[in-house]
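Given next are the chains, with one letter for each unit.
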Amino acid sequence: MDTVFDDLAEALTAPRTDGWRPVRLFALDLATKLFLGLALGLGIGIGMAIAG
């Protein structure tokens, strides 16, 4: 009976592997690039509108 509880305790404390991590990293990278492009585009557009 002790081995069952030992196995359960070991399974609960084992480090978890995250299968979605690469997908999340790619999505975050894509979102930051899109946001940066949008911010630059708006900045250039507003600057050109003010200039003239």
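About the thresholds
- Residues numbered from 1 in each chain as written.
- Predicted model: local features only at pLDDT ≥ 70, side-chain atom pairs only at ≥ 80, totals over all residues.
- Heavy atoms only, no water.
- UniProt positions renumbered as here; feature names shortened; annotations may be inferred.
- Helix = DSSP H or I, 4+ residues; strand = E, 2+ residues; numbered from the N terminus.
- Salt bridge = Lys/Arg side-chain N within 4 Å of Asp/Glu carboxyl O.
- Expected span 1.5 Å × (residues − 1).
- Buried < 20%, exposed > 50% of the residue type's maximum accessible area, 1.4 Å probe, protein only.

S.K.: So what about the UniProt feature "transmembrane region" (unreviewed entry) in the protein? Which residues, and what values?
M.R.: UniProt annotation of "transmembrane region" (unreviewed entry) refers to residues 30–51 when read in the numbering used here. Counted over residues 30–51, helix gives 100% and strand 0%. Its end C-alpha atoms are 31 Å apart.

S.K.: So what about the pattern of salt bridges? Which residues, and what values?
M.R.: Under the criterion given, the structure shown has two salt bridges. Asp 18 is the salt-bridge partner of Arg 24, the closest N and O atoms lying 2.1 Å from each other. A salt bridge links Asp 29 to Lys 33, with the shortest nitrogen-to-oxygen separation between them at 3.3 Å. Of this pair, Asp 29 and Lys 33 both sit in helix H2 (residues 21–51), four residues apart, roughly one helical turn.

S.K.: Lay out the environment of Pro 22 in plain terms, naming residues and giving numbers.
M.R.: Locating Pro 22 in the fold gives a position in helix H2. Considering only alpha carbons, one finds Pro 22 and Phe 5, 17 residues apart in sequence, at a separation of 33 Å.

S.K.: Before we move on, could you go through H2 and cite the residues and values that matter?
M.R.: In a regular helix each residue adds 1.5 Å, so 31 residues correspond to 45 Å; H2 covers 45 Å between its end C-alpha atoms and thus fits that length. Little of H2 is tucked away, with zero of its 31 residues classed as buried.

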